[in-house]
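# Fold and geometry: a report
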Amino acid sequence: MEKNSEKISGSEALLRALVRENVDTVFGYPGGAIIPVYDALVDHLHEINHILVRHEQGAAHAAEGYARASGKPGVCLVTGGPGATNTLTGIADAMLDSTPIVVIAGQIATDMIGTDAFQEVDFTCVTQPICKWSYQISNPEEITWAVSRAFFIARSGRPGPVVLSITKNAQVGMTEYQPETVKFIRSYDDDPEIDITRIREAAAAINAAKRPFVLAGQGIELGWAHEEFRQFVEKGCLPFGCTLLGLSSMPSDHPLNKGMLGMHGNYCNNVKTNECDVLIAVGMRFDDRVTGDVSTYARQARIIHLDIDPSEIGKNVPVDIPVLGNCKKTLAMLTERLVKVDRTEWIDSFRKYQEEEYDRVVRKELYPESGPLNMGEVVDAVSEATCHKAILVTDVGQNQMMASRYFKFTEKRSIITSGGMGTMGYAIPAGIGAAYARPDRTVCVFMGDGGLQMTVEEFGTIMEHNIPVKMILLNNSYLGNVRQWQQLFFDRRYSFTHLENPDFQILASAYGIPSRRVLDRKDLKDAVREMLQTEGPFLLEACVAEEGNVMPMTPPGNSIDNMLMEC
């Protein structure tokens, strides 16, 4: 310890450590167990912008949205007990979607732990299964080390959530402040060594392939490997499809981009997955919504899997050539070894499936001749009006699948959605986080009437800070995704999926949020224009077909290429 070290409180040390980690925004909610930190925060408001949410779950999701839009760890600050446990859904969501967030929760004093004191919860043990690292800070001397370690773990390797629980005595105790920087953790390999033999094997397999197909996952976004991926697919003439979280890893209109994979993905991708001779997966985890019945998934193909996390390789689908490492590096190494191959015939073979899907699904969804508004045409109108440059934030359900299918992307890090956890209520707080991460971009938040009401309290956050989120409510008066499954697989027995909704225009007005309701498609473009031209937040309520369905669809448990085109 240096002789001139300054003695400060643990709360002050925590805030200085956050500033050292370049934290500029924190989403939080105060309470008894975190009051000392909030008191110290008053002296740091010139460095850290604190956004008061209306529920701690909103703080966690806002931190997720911030992280996904910026690439930096998002931070939320909450009290102990119920304040801490209210973040659990967001932590689990971040874990499944590899989103780097740091959750800092207050905790009772060390000498009270184990006494069933007021609001006592062993938050460290509760969160260990759903985060990368969870640690309780019990004395102020640990703070700078713990914060640096937390951010290093959250952002490095495969990103994810980290939890710090800080006891009351650690917050108020005095310590000689010394900044620390953690760059290495024993037994934690954040940048695994690349096996050149595997690179050569993978390159040889791709060069020899007649019908290669690439699966583009979120790992491309997380690894900032957009340019490396572009060079890879273009040099190899490799058609590719994108996972839900990887949709903005390449522009939607790239000639090799065949759209979305999976249950509600594009027909051509799912058929070609089961026709290709080499399948190259980049930064994705072979989720069951992508694979369908794994016993029938790509059995004819040699599978190459590029991933930074060794636990994902071979976990769900057998892999022939594992390529462990950061895909920013492994893609570049592969590209060096690729040879130009004319694959025009293979690429052209996707067209007939694209045309069939367009005729049987897309045309009817986007260009109906009559009837109520369709969800897809609303999404398409918003995407067109933003010149496909907006950040898309979705909730979960039919709104999510329709938005993912019909929103187009021209810029990276442009889709923010709950993929693995499928968290309803995610959209509004995640949109708030995205707006703070990227104030230079338009943030369009799509949601259903069910999901909106799960975190509607965050209208208060939007109101207080005049956050310019453009919210599009696809209102069909149903829990639409569940209703669709009930229609298709449960004989239309609509058990508790119909919703009696409030007047959302009056609700928005109560929070001072401008809004407009659209029932007729002739008014849609004008309403979208009004939304985008209005400064600050806006709620556009589109009253869509009550029994509209997301098609095509692979029935659960089926082979991925067995897709329903219509009900």
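Residues numbered from 1 in each chain as written. Predicted model: local features only at pLDDT ≥ 70, side-chain atom pairs only at ≥ 80, totals over all residues. Heavy atoms only, no water.

### Remarks on the overall build of the protein chain
For the protein chain, the count of helices and strands is 24 helices and 20 strands. Taking 24 Å as the expected radius of gyration for a compact globule of 567 residues, we find that the protein chain reaches 24 Å, a close match to that expectation. The C-alpha extent of the protein chain, read off along each of the three principal axes, is 75 × 60 × 40 Å. Buried residues in the protein chain amount to 59% of all 567 residues. Taking as baseline every contact in the protein chain between residues at least 6 positions apart, the subset at least 24 positions apart corresponds to 76%. Split by element, the accessible area of the protein chain, about 22,200 Å² in all, is 50% carbon and sulfur. Here the protein chain contributes 54 positive and 73 negative side-chain charges, whose respective centroids are spaced 6 Å apart. (Helix = DSSP H or I, 4+ residues; strand = E, 2+ residues; numbered from the N terminus. Rg over C-alpha atoms; globule rule 2.2 N^0.38 Å. Buried < 20%, exposed > 50% of the residue type's maximum accessible area, 1.4 Å probe, protein only. Contact = heavy atoms within 4.5 Å. Areas by Shrake-Rupley, 256 points an atom, 1.4 Å probe, with all protein chains shown as cover. Lys, Arg positive; Asp, Glu negative; His and termini not counted. Charge placed at Lys NZ, Arg CZ, Asp CG, Glu CD.)

### Notes on unusual backbone geometry
Residue Pro552 is bonded to the preceding Met551 through a cis peptide linkage, with omega at -5°. With respect to the secondary-structure elements, Pro552 resides in the segment after strand E20 (538-543). Phi at Ser477 is positive, roughly 60°, even though this residue is not glycine. Within the secondary structure, Ser477 sits in the loop between strand E18 (469-475) and helix H22 (480-489). Of the residues examined, Ser477 reaches a relative accessible area of 18% and is grouped as buried.

### Things to note about the pairing of strand E14 (residues 321-324)
Each regular strand displays side chains that alternate between the two surfaces of the sheet. Of the two faces of E14, the one holding Ile321 and Val323 is buried and the one holding Pro322 and Leu324 is not buried anywhere. With four bridges connecting them, strand E13 (residues 302-307) and E14 associate as parallel partners. Directly across from Leu306, in E14, lies its bridge partner Val323. (Pairing = 2+ DSSP bridges.)

### Some remarks on the sheet that holds strand E19 (residues 515-518)
Spatially, E16-E15-E17-E18-E20-E19 is the arrangement adopted by the six strands of the open sheet, whose pairing is parallel. Unpaired on one side and paired on the other, strand E16 (415-416) and E19 mark the two borders of the sheet. Sheet analysis places strand E17 (residues 443-448) next to E18, joined by six bridges and oriented parallel. Each bridged residue has a counterpart across the sheet, and for Phe446 the counterpart in E18 is Ile472. Packed on one face of the sheet, helix H17 (residues 375-385) meets E17, E18 and E20 and runs near 165° to E18. (Axes fitted to C-alpha atoms, helices over the stretch in contact; angles between N-to-C directions.)

### What about the packing of aromatic side chains?
Counted according to the given criterion, the structure contains 17 aromatic pairs. Residues Tyr267 and Tyr353 carry aromatic rings whose centres are separated by 5.5 Å and whose planes lie at 85° to one another, so their mutual orientation is edge-to-face. Placement of the pair is Tyr267 in helix H12 (residues 267-273) and Tyr353 in helix H16 (residues 351-366), with a sequence separation of 86 residues. Of the residues examined, Tyr353 reaches a relative accessible area of 12% and is grouped as buried. Each ring, one from Tyr478 and one from Tyr494, has its centre 5.7 Å from the other, and the planes form 75°; the classification is edge-to-face. Taken together, the positions of Tyr478 in the loop between E18 and H22 and Tyr494 in the loop between H22 and helix H23 (504-510) put the pair 16 residues apart, joining distant regions of the chain. Exposure remark for Tyr478: the relative accessible area of 11% places this residue in the buried category. (Phe/Tyr/Trp six-rings, centres within 6.5 Å; stacked < 30°, edge-to-face > 60°.)

### Here we look at helix H11 (residues 226-236)
Turning to H11, its buried residues are His226, Glu228, Phe229, Phe232, Val233 and Gly236. When H11 is viewed along its axis, its buried side chains cluster within an angular range of 165° and face the same direction. Looking at the packing, one finds that the buried side of H11 touches helix H9 (196-208), strand E9 (212-216), helix H10 (219-222), strand E10 (240-242), strand E12 (278-282) and helix H14 (327-336). One or two steps after H11, the chain reaches Cys237, where phi turns positive at roughly 50°. (Arc of directions from axis to C-beta.)

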